[in-house]
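# Per-entry structural report
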Amino acid sequence: MDAYNELIGIYDEISTIGDISSLLGWDQNTYMPRKAAAGRGGQSAFLSKLVHRKVTDPRVGYLLDRLEGEDLSGTRAAVVREIRRIYKRKTSVPEELEAEIARSEPLSVQAWAEAKQKKDFSIFAPNLEHMLELKKKVAEKVGYPDIPYDAMLEEYEPYTRTAQVREVLERLKKRLVPVIERISEAEGQRIDISGKFPREAQESFCRRILVDIGYDFERGRLDTTEHPFTIGTGDDTRITTHFYENDLRPALFSCIHEGGHALYEQGFLKENMHTPLGEACSLGIHESQSRMWENLIGRSLPFWKRYYPDLQSAFPGLSALPLEDFYQTVNRVRPSLIRIEADEVTYSMHILIRFELEIEIFNGRLDVREIPQAWNEGYEKYLGVVVENDGVGCLQDIHWSFGSFGYFPTYTLGNLYAAQFFDAMKKDIDVEASIERGEFGPILTWLRSNIHEKGKLYPASELVRVVTGKELDESHFIDHLRNKFGAIYGIDL
Ligand code: ZN
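## Observations concerning the domain arrangement of the chain
- Its domain assignment divides the chain into domain 1 (3–119) and domain 2 (164–489).
- Here the C-alpha centroids of domain 1 and domain 2 sit 27 Å apart.
- With 28 residues of domain 1 at the contact, the number on the domain 2 side is 28 residues.
- Between domain 1 and domain 2, a total of about 2300 Å² is buried, with carbon and sulfur atoms accounting for 64% of that surface.
- Broken down residue by residue, the surface that domain 1 buries against domain 2 is led by W26, W112 and K119, which jointly contribute 26%.
- At the junction of domain 1 and domain 2, the tally comes to 11 residue pairs in polar contact (both at pLDDT 80 or more).

What follows is the structure, given as C-alpha coordinates:
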(Lines give C-alpha, C1' and ligand atoms only; values in the text may rest on other atoms or scores of the structure.)
Protein backbone atom coordinates (compact mmCIF):
# COMPACT_ATOMS: atom_id res chain seq x y z
CA MET A 1 0.00 0.00 0.00
CA ASP A 2 1.32 3.48 -0.74
CA ALA A 3 1.95 5.96 2.04
CA TYR A 4 -1.10 8.08 1.27
CA ASN A 5 -3.56 5.20 1.39
CA GLU A 6 -2.05 3.81 4.55
CA LEU A 7 -2.40 7.21 6.17
CA ILE A 8 -6.03 7.45 5.07
CA GLY A 9 -6.64 4.00 6.56
CA ILE A 10 -5.30 5.09 9.95
CA TYR A 11 -7.34 8.28 9.83
CA ASP A 12 -10.45 6.26 9.03
CA GLU A 13 -9.97 4.33 12.29
CA ILE A 14 -9.40 7.51 14.28
CA SER A 15 -12.51 9.03 12.79
CA THR A 16 -14.56 5.90 13.52
CA ILE A 17 -13.58 6.09 17.19
CA GLY A 18 -14.63 9.75 17.08
CA ASP A 19 -18.08 8.70 15.82
CA ILE A 20 -18.42 6.18 18.64
CA SER A 21 -17.38 8.82 21.19
CA SER A 22 -19.98 11.28 19.98
CA LEU A 23 -22.68 8.64 20.11
CA LEU A 24 -21.73 7.95 23.72
CA GLY A 25 -21.76 11.69 24.35
CA TRP A 26 -25.24 11.99 22.85
CA ASP A 27 -26.51 9.14 25.03
CA GLN A 28 -24.92 10.70 28.11
CA ASN A 29 -26.78 13.95 27.48
CA THR A 30 -30.14 12.41 26.61
CA TYR A 31 -31.20 9.03 27.96
CA MET A 32 -28.34 7.62 30.02
CA PRO A 33 -29.36 6.47 33.52
CA ARG A 34 -27.87 8.73 36.19
CA LYS A 35 -25.86 6.00 37.86
CA ALA A 36 -24.19 5.03 34.60
CA ALA A 37 -22.06 8.20 34.72
CA ALA A 38 -18.93 6.67 36.23
CA GLY A 39 -18.95 3.75 33.80
CA ARG A 40 -19.48 6.11 30.89
CA GLY A 41 -16.59 8.26 32.08
CA GLY A 42 -14.34 5.19 31.92
CA GLN A 43 -15.55 4.31 28.42
CA SER A 44 -14.97 7.82 27.13
CA ALA A 45 -11.53 8.07 28.72
CA PHE A 46 -10.60 4.73 27.13
CA LEU A 47 -11.66 5.92 23.69
CA SER A 48 -9.82 9.22 23.96
CA LYS A 49 -6.66 7.40 25.02
CA LEU A 50 -7.08 5.13 22.01
CA VAL A 51 -7.45 8.12 19.70
CA HIS A 52 -4.40 9.79 21.20
CA ARG A 53 -2.33 6.65 20.69
CA LYS A 54 -3.43 6.34 17.07
CA VAL A 55 -2.94 10.01 16.24
CA THR A 56 0.55 10.10 17.71
CA ASP A 57 1.63 6.70 16.37
CA PRO A 58 5.23 7.02 15.06
CA ARG A 59 4.00 5.25 11.92
CA VAL A 60 1.90 8.36 11.17
CA GLY A 61 5.04 10.48 11.47
CA TYR A 62 6.92 8.11 9.19
CA LEU A 63 4.18 8.20 6.54
CA LEU A 64 3.94 11.99 6.73
CA ASP A 65 7.74 12.18 6.23
CA ARG A 66 7.48 9.98 3.18
CA LEU A 67 4.80 12.24 1.72
CA GLU A 68 6.83 15.38 2.44
CA GLY A 69 7.71 17.15 -0.77
CA GLU A 70 5.58 14.82 -2.89
CA ASP A 71 3.55 16.48 -5.59
CA LEU A 72 -0.01 15.81 -4.39
CA SER A 73 -3.29 16.89 -5.96
CA GLY A 74 -5.32 19.66 -4.27
CA THR A 75 -7.56 17.39 -2.26
CA ARG A 76 -4.79 14.97 -1.27
CA ALA A 77 -2.54 17.85 -0.29
CA ALA A 78 -5.32 19.20 1.96
CA VAL A 79 -5.81 15.78 3.58
CA VAL A 80 -2.09 15.44 4.30
CA ARG A 81 -1.84 19.05 5.50
CA GLU A 82 -4.61 18.44 8.04
CA ILE A 83 -3.29 15.12 9.31
CA ARG A 84 0.17 16.72 9.65
CA ARG A 85 -1.29 19.62 11.63
CA ILE A 86 -3.05 17.32 14.08
CA TYR A 87 -0.06 15.00 14.36
CA LYS A 88 2.27 17.89 15.16
CA ARG A 89 -0.09 19.34 17.72
CA LYS A 90 -0.81 16.07 19.49
CA THR A 91 2.79 14.83 19.56
CA SER A 92 4.10 18.11 20.95
CA VAL A 93 2.00 17.89 24.11
CA PRO A 94 3.49 15.40 26.63
CA GLU A 95 1.15 12.63 27.68
CA GLU A 96 1.55 13.60 31.35
CA LEU A 97 0.32 17.13 30.59
CA GLU A 98 -2.69 15.77 28.67
CA ALA A 99 -3.49 13.46 31.57
CA GLU A 100 -3.17 16.30 34.10
CA ILE A 101 -5.68 18.35 32.08
CA ALA A 102 -8.06 15.39 31.86
CA ARG A 103 -7.78 14.87 35.64
CA SER A 104 -8.33 18.55 36.44
CA GLU A 105 -11.30 18.99 34.15
CA PRO A 106 -14.09 17.32 36.16
CA LEU A 107 -12.95 19.05 39.36
CA SER A 108 -12.81 22.38 37.60
CA VAL A 109 -16.27 21.95 36.09
CA GLN A 110 -17.60 20.94 39.50
CA ALA A 111 -16.04 24.00 41.18
CA TRP A 112 -17.44 26.21 38.45
CA ALA A 113 -20.95 24.80 38.91
CA GLU A 114 -20.79 25.34 42.66
CA ALA A 115 -19.37 28.85 42.25
CA LYS A 116 -22.07 29.73 39.75
CA GLN A 117 -24.79 28.43 42.01
CA LYS A 118 -23.39 30.36 44.99
CA LYS A 119 -22.63 33.38 42.79
CA ASP A 120 -19.10 33.45 44.13
CA PHE A 121 -16.15 33.53 41.73
CA SER A 122 -13.60 32.90 44.50
CA ILE A 123 -14.77 29.27 44.74
CA PHE A 124 -13.79 28.69 41.11
CA ALA A 125 -10.67 30.90 40.98
CA PRO A 126 -8.08 28.30 42.17
CA ASN A 127 -9.29 25.75 39.58
CA LEU A 128 -9.29 28.34 36.84
CA GLU A 129 -5.77 29.41 37.78
CA HIS A 130 -4.63 25.80 37.58
CA MET A 131 -6.39 25.19 34.27
CA LEU A 132 -4.85 28.36 32.87
CA GLU A 133 -1.36 27.25 33.95
CA LEU A 134 -1.87 23.94 32.17
CA LYS A 135 -3.18 25.59 29.01
CA LYS A 136 -0.25 28.01 28.98
CA LYS A 137 2.06 25.00 29.13
CA VAL A 138 0.18 23.52 26.16
CA ALA A 139 0.70 26.77 24.25
CA GLU A 140 4.45 26.65 24.96
CA LYS A 141 4.63 23.04 23.81
CA VAL A 142 2.68 23.42 20.56
CA GLY A 143 4.22 26.81 19.77
CA TYR A 144 2.67 29.92 18.29
CA PRO A 145 3.48 32.55 15.67
CA ASP A 146 3.01 35.70 17.79
CA ILE A 147 1.44 35.22 21.23
CA PRO A 148 0.48 32.17 23.34
CA TYR A 149 -3.23 32.80 22.69
CA ASP A 150 -2.62 31.92 19.03
CA ALA A 151 -2.10 28.33 20.13
CA MET A 152 -5.51 28.33 21.83
CA LEU A 153 -7.32 29.84 18.87
CA GLU A 154 -5.65 27.32 16.57
CA GLU A 155 -7.59 24.52 18.25
CA TYR A 156 -10.93 25.91 17.03
CA GLU A 157 -10.08 28.22 14.16
CA PRO A 158 -7.04 26.62 12.52
CA TYR A 159 -4.56 28.83 10.65
CA THR A 160 -6.10 32.00 12.10
CA ARG A 161 -3.96 34.30 14.21
CA THR A 162 -5.11 36.38 17.14
CA ALA A 163 -3.88 39.54 15.40
CA GLN A 164 -6.18 38.90 12.42
CA VAL A 165 -9.19 38.27 14.63
CA ARG A 166 -8.39 41.25 16.79
CA GLU A 167 -8.19 43.53 13.77
CA VAL A 168 -11.59 42.54 12.38
CA LEU A 169 -13.25 42.52 15.81
CA GLU A 170 -11.84 45.96 16.61
CA ARG A 171 -13.37 47.34 13.44
CA LEU A 172 -16.62 45.57 14.24
CA LYS A 173 -16.67 47.05 17.74
CA LYS A 174 -16.17 50.60 16.46
CA ARG A 175 -19.14 50.24 14.12
CA LEU A 176 -21.36 48.19 16.38
CA VAL A 177 -21.25 50.33 19.52
CA PRO A 178 -23.02 53.33 17.90
CA VAL A 179 -25.64 50.99 16.35
CA ILE A 180 -26.44 49.54 19.78
CA GLU A 181 -26.60 53.03 21.30
CA ARG A 182 -28.99 54.28 18.63
CA ILE A 183 -31.28 51.29 19.00
CA SER A 184 -31.23 51.57 22.80
CA GLU A 185 -32.27 55.23 22.53
CA ALA A 186 -35.11 54.40 20.13
CA GLU A 187 -38.50 53.82 21.63
CA GLY A 188 -38.68 50.31 23.00
CA GLN A 189 -41.18 47.78 21.70
CA ARG A 190 -43.88 46.97 24.18
CA ILE A 191 -45.47 44.05 22.40
CA ASP A 192 -44.62 40.58 23.62
CA ILE A 193 -46.04 37.14 23.20
CA SER A 194 -47.51 35.28 26.11
CA GLY A 195 -49.76 32.33 26.69
CA LYS A 196 -49.39 28.59 26.71
CA PHE A 197 -47.70 26.82 23.83
CA PRO A 198 -48.22 23.06 24.21
CA ARG A 199 -45.07 21.07 23.80
CA GLU A 200 -46.52 18.65 21.20
CA ALA A 201 -47.60 21.51 18.96
CA GLN A 202 -44.19 23.15 19.27
CA GLU A 203 -42.42 19.93 18.46
CA SER A 204 -44.45 19.20 15.37
CA PHE A 205 -43.98 22.76 14.11
CA CYS A 206 -40.21 22.56 14.69
CA ARG A 207 -40.01 19.20 12.92
CA ARG A 208 -41.90 20.58 9.97
CA ILE A 209 -39.53 23.58 9.66
CA LEU A 210 -36.52 21.27 9.92
CA VAL A 211 -37.87 19.10 7.10
CA ASP A 212 -38.58 22.19 4.99
CA ILE A 213 -35.04 23.57 5.34
CA GLY A 214 -33.67 20.19 4.28
CA TYR A 215 -32.75 18.36 7.48
CA ASP A 216 -32.95 14.65 6.79
CA PHE A 217 -34.71 12.81 9.63
CA GLU A 218 -33.65 9.48 8.18
CA ARG A 219 -30.08 10.54 8.87
CA GLY A 220 -30.74 12.18 12.22
CA ARG A 221 -33.19 12.77 15.03
CA LEU A 222 -34.49 15.40 17.41
CA ASP A 223 -34.42 14.94 21.19
CA THR A 224 -34.65 17.21 24.21
CA THR A 225 -31.85 18.31 26.54
CA GLU A 226 -31.22 21.16 28.98
CA HIS A 227 -29.05 22.95 26.39
CA PRO A 228 -29.55 22.39 22.66
CA PHE A 229 -26.68 20.88 20.67
CA THR A 230 -25.80 19.03 17.47
CA ILE A 231 -23.74 15.84 17.55
CA GLY A 232 -22.50 13.34 14.99
CA THR A 233 -21.93 13.68 11.29
CA GLY A 234 -22.96 12.37 7.88
CA ASP A 235 -25.72 9.76 8.06
CA ASP A 236 -26.09 10.11 11.84
CA THR A 237 -26.35 13.79 12.68
CA ARG A 238 -28.55 14.40 15.72
CA ILE A 239 -29.89 17.57 17.23
CA THR A 240 -31.54 18.50 20.51
CA THR A 241 -33.68 21.34 21.78
CA HIS A 242 -35.52 22.45 24.90
CA PHE A 243 -39.24 23.22 24.94
CA TYR A 244 -40.70 25.88 27.22
CA GLU A 245 -44.48 25.90 27.31
CA ASN A 246 -44.70 29.59 28.18
CA ASP A 247 -42.68 30.68 25.14
CA LEU A 248 -42.26 29.04 21.75
CA ARG A 249 -39.28 31.12 20.61
CA PRO A 250 -36.41 29.28 22.39
CA ALA A 251 -37.24 25.87 20.87
CA LEU A 252 -38.13 27.28 17.48
CA PHE A 253 -34.92 29.24 16.99
CA SER A 254 -32.65 26.71 18.64
CA CYS A 255 -34.07 24.07 16.28
CA ILE A 256 -33.30 26.25 13.28
CA HIS A 257 -29.84 27.02 14.73
CA GLU A 258 -28.96 23.39 15.40
CA GLY A 259 -30.60 22.50 12.09
CA GLY A 260 -28.07 24.79 10.40
CA HIS A 261 -25.20 22.98 12.12
CA ALA A 262 -26.75 19.65 11.17
CA LEU A 263 -27.22 20.57 7.50
CA TYR A 264 -23.48 21.26 7.38
CA GLU A 265 -22.67 17.86 8.90
CA GLN A 266 -25.16 16.08 6.63
CA GLY A 267 -23.71 17.92 3.66
CA PHE A 268 -20.22 16.44 3.47
CA LEU A 269 -19.61 14.23 0.44
CA LYS A 270 -20.08 10.52 1.13
CA GLU A 271 -16.74 9.65 -0.47
CA ASN A 272 -14.97 12.07 1.88
CA MET A 273 -16.38 10.72 5.12
CA HIS A 274 -13.72 9.76 7.65
CA THR A 275 -11.19 12.06 5.99
CA PRO A 276 -10.52 15.73 6.82
CA LEU A 277 -12.52 16.64 3.70
CA GLY A 278 -15.57 15.22 5.44
CA GLU A 279 -15.14 17.52 8.42
CA ALA A 280 -16.03 21.11 9.25
CA CYS A 281 -13.54 23.71 8.09
CA SER A 282 -13.49 25.42 11.49
CA LEU A 283 -15.82 26.21 14.38
CA GLY A 284 -16.34 29.70 13.01
CA ILE A 285 -17.49 28.29 9.67
CA HIS A 286 -19.71 25.80 11.52
CA GLU A 287 -21.28 28.65 13.43
CA SER A 288 -21.77 30.61 10.21
CA GLN A 289 -24.11 27.87 9.03
CA SER A 290 -26.22 27.79 12.19
CA ARG A 291 -26.42 31.57 12.39
CA MET A 292 -27.28 32.00 8.75
CA TRP A 293 -30.28 29.69 9.12
CA GLU A 294 -31.30 31.02 12.50
CA ASN A 295 -30.83 34.76 12.05
CA LEU A 296 -30.51 35.66 8.38
CA ILE A 297 -33.24 33.25 7.28
CA GLY A 298 -35.28 32.22 10.35
CA ARG A 299 -35.62 35.70 11.80
CA SER A 300 -36.29 37.41 8.48
CA LEU A 301 -39.55 38.98 7.36
CA PRO A 302 -39.89 36.81 4.21
CA PHE A 303 -39.60 33.71 6.38
CA TRP A 304 -42.46 34.79 8.61
CA LYS A 305 -44.57 35.96 5.70
CA ARG A 306 -44.46 32.35 4.65
CA TYR A 307 -44.78 30.63 8.04
CA TYR A 308 -46.68 32.97 10.34
CA PRO A 309 -50.16 31.93 9.10
CA ASP A 310 -49.19 28.30 9.81
CA LEU A 311 -47.82 29.21 13.22
CA GLN A 312 -51.09 31.00 14.01
CA SER A 313 -53.10 27.91 13.07
CA ALA A 314 -50.89 25.77 15.29
CA PHE A 315 -51.16 28.25 18.16
CA PRO A 316 -54.55 30.00 18.02
CA GLY A 317 -53.43 32.30 20.87
CA LEU A 318 -51.40 34.17 18.26
CA SER A 319 -54.36 34.84 15.99
CA ALA A 320 -54.84 38.39 17.27
CA LEU A 321 -51.16 39.29 16.90
CA PRO A 322 -50.34 40.77 13.48
CA LEU A 323 -47.35 39.50 11.50
CA GLU A 324 -45.43 42.77 11.90
CA ASP A 325 -45.73 42.56 15.65
CA PHE A 326 -44.69 38.93 15.80
CA TYR A 327 -41.71 39.76 13.60
CA GLN A 328 -40.70 42.43 16.12
CA THR A 329 -40.97 40.05 19.05
CA VAL A 330 -38.46 37.68 17.45
CA ASN A 331 -36.09 40.55 16.72
CA ARG A 332 -36.10 42.48 19.95
CA VAL A 333 -32.83 44.22 20.75
CA ARG A 334 -32.02 44.69 24.39
CA PRO A 335 -28.54 44.89 25.94
CA SER A 336 -28.49 42.17 28.58
CA LEU A 337 -26.30 40.20 30.95
CA ILE A 338 -26.55 36.70 29.50
CA ARG A 339 -24.76 35.79 26.29
CA ILE A 340 -26.92 32.84 25.27
CA GLU A 341 -30.06 34.97 25.53
CA ALA A 342 -28.59 37.88 23.59
CA ASP A 343 -30.12 39.20 20.37
CA GLU A 344 -28.53 39.37 16.96
CA VAL A 345 -27.23 42.93 17.46
CA THR A 346 -25.75 42.85 20.95
CA TYR A 347 -24.47 39.26 20.85
CA SER A 348 -21.07 40.16 19.44
CA MET A 349 -20.37 42.55 22.32
CA HIS A 350 -20.62 39.65 24.76
CA ILE A 351 -17.95 37.92 22.72
CA LEU A 352 -15.72 40.98 22.44
CA ILE A 353 -15.68 41.31 26.23
CA ARG A 354 -14.61 37.67 26.62
CA PHE A 355 -12.09 37.83 23.78
CA GLU A 356 -10.34 40.88 25.23
CA LEU A 357 -10.26 39.31 28.70
CA GLU A 358 -8.85 36.03 27.42
CA ILE A 359 -6.00 37.80 25.64
CA GLU A 360 -5.17 39.83 28.74
CA ILE A 361 -5.20 36.71 30.90
CA PHE A 362 -3.01 34.82 28.47
CA ASN A 363 -0.57 37.69 28.14
CA GLY A 364 -0.29 37.76 31.93
CA ARG A 365 -1.60 41.29 32.13
CA LEU A 366 -4.71 40.28 34.02
CA ASP A 367 -4.74 38.13 37.11
CA VAL A 368 -7.48 35.50 37.46
CA ARG A 369 -8.65 37.19 40.68
CA GLU A 370 -9.21 40.40 38.74
CA ILE A 371 -11.61 38.78 36.25
CA PRO A 372 -14.92 39.69 37.98
CA GLN A 373 -14.04 43.37 38.13
CA ALA A 374 -12.76 43.49 34.55
CA TRP A 375 -15.82 41.57 33.39
CA ASN A 376 -18.26 43.90 35.13
CA GLU A 377 -16.47 46.96 33.76
CA GLY A 378 -16.68 45.53 30.25
CA TYR A 379 -20.42 44.96 30.51
CA GLU A 380 -21.02 48.43 31.84
CA LYS A 381 -18.83 50.04 29.19
CA TYR A 382 -19.97 48.11 26.11
CA LEU A 383 -23.53 47.15 26.94
CA GLY A 384 -24.47 49.63 29.64
CA VAL A 385 -25.67 46.91 31.99
CA VAL A 386 -24.79 46.45 35.64
CA VAL A 387 -23.69 42.95 36.66
CA GLU A 388 -25.38 42.15 39.94
CA ASN A 389 -23.37 39.08 40.80
CA ASP A 390 -20.77 36.66 39.40
CA GLY A 391 -23.45 34.04 38.69
CA VAL A 392 -24.94 36.18 35.93
CA GLY A 393 -21.51 37.68 35.24
CA CYS A 394 -18.18 35.96 34.68
CA LEU A 395 -19.48 32.56 35.81
CA GLN A 396 -22.29 32.29 33.28
CA ASP A 397 -20.39 30.22 30.70
CA ILE A 398 -18.96 26.75 31.23
CA HIS A 399 -16.17 27.12 28.63
CA TRP A 400 -13.29 28.26 30.84
CA SER A 401 -13.91 25.49 33.37
CA PHE A 402 -12.76 22.87 30.89
CA GLY A 403 -10.01 25.04 29.52
CA SER A 404 -11.70 26.11 26.29
CA PHE A 405 -9.88 29.40 25.79
CA GLY A 406 -10.06 30.69 22.23
CA TYR A 407 -13.51 29.22 21.62
CA PHE A 408 -15.59 32.38 22.13
CA PRO A 409 -14.32 34.40 19.15
CA THR A 410 -15.57 31.67 16.80
CA TYR A 411 -19.17 32.66 17.61
CA THR A 412 -18.67 36.18 16.31
CA LEU A 413 -16.55 35.03 13.39
CA GLY A 414 -19.58 32.87 12.57
CA ASN A 415 -21.80 35.95 12.40
CA LEU A 416 -19.33 37.70 10.11
CA TYR A 417 -18.76 34.72 7.82
CA ALA A 418 -22.52 34.13 7.61
CA ALA A 419 -23.33 37.67 6.49
CA GLN A 420 -20.55 37.65 3.91
CA PHE A 421 -21.57 34.24 2.50
CA PHE A 422 -25.19 35.36 2.43
CA ASP A 423 -24.36 38.41 0.32
CA ALA A 424 -22.37 36.22 -2.08
CA MET A 425 -25.33 33.82 -2.31
CA LYS A 426 -27.66 36.69 -3.18
CA LYS A 427 -25.60 37.39 -6.29
CA ASP A 428 -26.29 33.85 -7.54
CA ILE A 429 -29.88 33.20 -6.49
CA ASP A 430 -32.99 35.09 -5.46
CA VAL A 431 -32.66 34.26 -1.79
CA GLU A 432 -35.56 36.37 -0.55
CA ALA A 433 -38.03 34.86 -3.03
CA SER A 434 -36.93 31.35 -2.06
CA ILE A 435 -37.44 32.08 1.62
CA GLU A 436 -40.82 33.68 1.06
CA ARG A 437 -41.99 30.62 -0.87
CA GLY A 438 -40.59 28.28 1.79
CA GLU A 439 -38.50 26.64 -0.90
CA PHE A 440 -35.04 26.27 0.55
CA GLY A 441 -33.64 23.91 -2.07
CA PRO A 442 -31.70 26.58 -3.99
CA ILE A 443 -30.19 27.94 -0.75
CA LEU A 444 -29.16 24.52 0.50
CA THR A 445 -27.75 23.56 -2.89
CA TRP A 446 -25.66 26.75 -2.90
CA LEU A 447 -24.38 26.05 0.62
CA ARG A 448 -23.66 22.43 -0.24
CA SER A 449 -21.53 23.18 -3.28
CA ASN A 450 -19.78 26.28 -1.95
CA ILE A 451 -19.21 25.35 1.70
CA HIS A 452 -20.40 21.96 2.94
CA GLU A 453 -18.83 19.77 0.28
CA LYS A 454 -15.48 21.54 0.67
CA GLY A 455 -14.93 20.21 4.21
CA LYS A 456 -11.41 21.15 5.25
CA LEU A 457 -10.14 21.65 1.70
CA TYR A 458 -9.25 25.26 2.53
CA PRO A 459 -8.45 27.08 5.76
CA ALA A 460 -11.36 29.34 6.77
CA SER A 461 -9.81 32.59 5.52
CA GLU A 462 -9.19 31.02 2.12
CA LEU A 463 -12.68 29.54 1.95
CA VAL A 464 -14.06 33.04 2.49
CA ARG A 465 -11.86 34.34 -0.32
CA VAL A 466 -12.80 31.54 -2.69
CA VAL A 467 -16.55 31.84 -2.03
CA THR A 468 -16.91 35.61 -1.77
CA GLY A 469 -13.94 36.90 -3.75
CA LYS A 470 -12.49 38.88 -0.83
CA GLU A 471 -11.09 38.80 2.68
CA LEU A 472 -13.32 38.58 5.74
CA ASP A 473 -14.99 41.96 6.07
CA GLU A 474 -17.30 43.02 8.89
CA SER A 475 -19.21 45.39 6.56
CA HIS A 476 -21.62 42.67 5.41
CA PHE A 477 -22.73 41.99 8.96
CA ILE A 478 -22.94 45.67 9.90
CA ASP A 479 -24.93 46.50 6.73
CA HIS A 480 -27.31 43.64 7.45
CA LEU A 481 -27.92 44.95 10.99
CA ARG A 482 -28.38 48.52 9.80
CA ASN A 483 -30.90 47.60 7.13
CA LYS A 484 -32.87 45.15 9.19
CA PHE A 485 -33.00 46.94 12.53
CA GLY A 486 -33.21 50.41 11.00
CA ALA A 487 -36.48 49.25 9.42
CA ILE A 488 -37.74 47.51 12.55
CA TYR A 489 -37.05 50.49 14.81
CA GLY A 490 -37.90 53.12 12.20
CA ILE A 491 -34.55 54.84 12.61
CA ASP A 492 -31.66 55.68 10.36
CA LEU A 493 -28.73 53.53 11.38
ZN1 ZN B 1 -24.04 27.04 17.29
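## Focus: unusual backbone geometry
- At K119, a position not held by glycine, the phi torsion is positive, near 55°.
- One can find K119 in the loop between helix 5 (95–118) and helix 6 (121–142).
- You can call K119 partly exposed: its relative accessible area is 46%.
- Within the chain, Y159 stands out as a residue other than glycine whose phi angle is a positive 70°.
- Note on placement: Y159 falls in the loop between helix 7 (148–156) and helix 8 (162–185).

## Some details on helix 9 (residues 199–213)
- Helix length check: helix 9 (15 residues) gives 21 Å between terminal C-alpha atoms against 21 Å at 1.5 Å per residue, within 8%.
- Within the span of helix 9, buried status applies to A201, Q202, E203, F205, C206, I209, L210 and I213.
- Residues of helix 9 that are buried in the fold lie against strand 1 (222–224), strand 3 (236–241), helix 10 (249–266), helix 11 (283–297), helix 12 (301–314) and helix 18 (441–450).
- With its phi angle positive at about 115°, G214 sits one or two positions after the end of helix 9.

## Points about the side chain of T240
- Here T240 shows up in strand 3.
- Residue classification places T240 among the buried residues on the basis of a relative accessible area of 1%.
- At 2.7 Å, the side chain of T240 and the side chain of T225 are in polar contact.
- If we skip the residues at most four places from it in the chain, T240 touches T30, L222, D223, T225, H227, P228, F229 and E258.

## Observations regarding the sheet that holds strand 2 (residues 230–233)
- Ordered by their spatial adjacency, 3 strands build an open sheet running 1-3-2, and the pairing between neighbours is mixed. Edge positions in the open sheet fall to strand 1 and strand 2, since each of these has one partner strand only. On average, each strand axis in the sheet is tilted by 20° relative to the strand beside it, whichever way the strands run.
- When strand 2 meets strand 3, the two strands line up antiparallel, connected through 4 bridges. Residue pairing in the sheet places I231 in a bridge with R238 of strand 3.
- The sheet strands contacting helix 1 (residues 3–30) are strand 1, strand 2 and strand 3, and the helix crosses strand 2 at an angle near 155°.

## Examining the coordination of the zinc ion
- Those protein atoms acting as donors to the zinc ion are H257 (NE2), H261 (NE2), E287 (OE) and E287 (OE), and they sit at 2.1 to 2.8 Å.
- One can describe the site at the zinc ion as irregular: its 4 donor atoms subtend angles covering 49 to 128° at the metal.
- Of note, the donors binding the zinc ion are all from one chain and are spaced H-x3-H-x25-E. Separated by 4 residues within a single helix, H257 and H261 lie in helix 10, roughly one turn from each other.

## Some words on the nonpolar core
- W293 and W304 are the most contacted members of the largest nonpolar core, which has 130 residues in total.
- Of the residues that make up this core, three or more belong to each of domain 1 (3–119) and domain 2 (164–489).
- For W304, the residues in contact, after removing those within four places along its chain, are F205, L252, F253, G298, R299, P309, L311, L323, F326 and V330.
- Within the second largest apolar cluster, 20 residues are counted, among which are Y4, L72, V80 and L277.

Calculation criteria
Residues numbered from 1 in each chain as written. Predicted model: local features only at pLDDT ≥ 70, side-chain atom pairs only at ≥ 80, totals over all residues. Heavy atoms only, no water. Domains from an automatic or database assignment. Contact = heavy atoms within 4.5 Å. Buried area = accessible area lost by both parts, 1.4 Å probe. Polar contact = N/O pair within 3.5 Å; in protein donor to acceptor, adjacent residues only side chain to side chain. Helix = DSSP H or I, 4+ residues; strand = E, 2+ residues; numbered from the N terminus. Buried < 20%, exposed > 50% of the residue type's maximum accessible area, 1.4 Å probe, protein only. Expected span 1.5 Å × (residues − 1). Pairing = 2+ DSSP bridges. Axes fitted to C-alpha atoms, helices over the stretch in contact; angles between N-to-C directions. Donors = N, O, S within 2.8 Å, 3.2 Å for Na, K, Ca; no water. Tetrahedral: all angles 85-135°; square planar, octahedral: opposite > 155°, others 65-115°. Core = buried A, V, L, I, M, F, W, Y, C linked by side-chain atoms within 4.5 Å.

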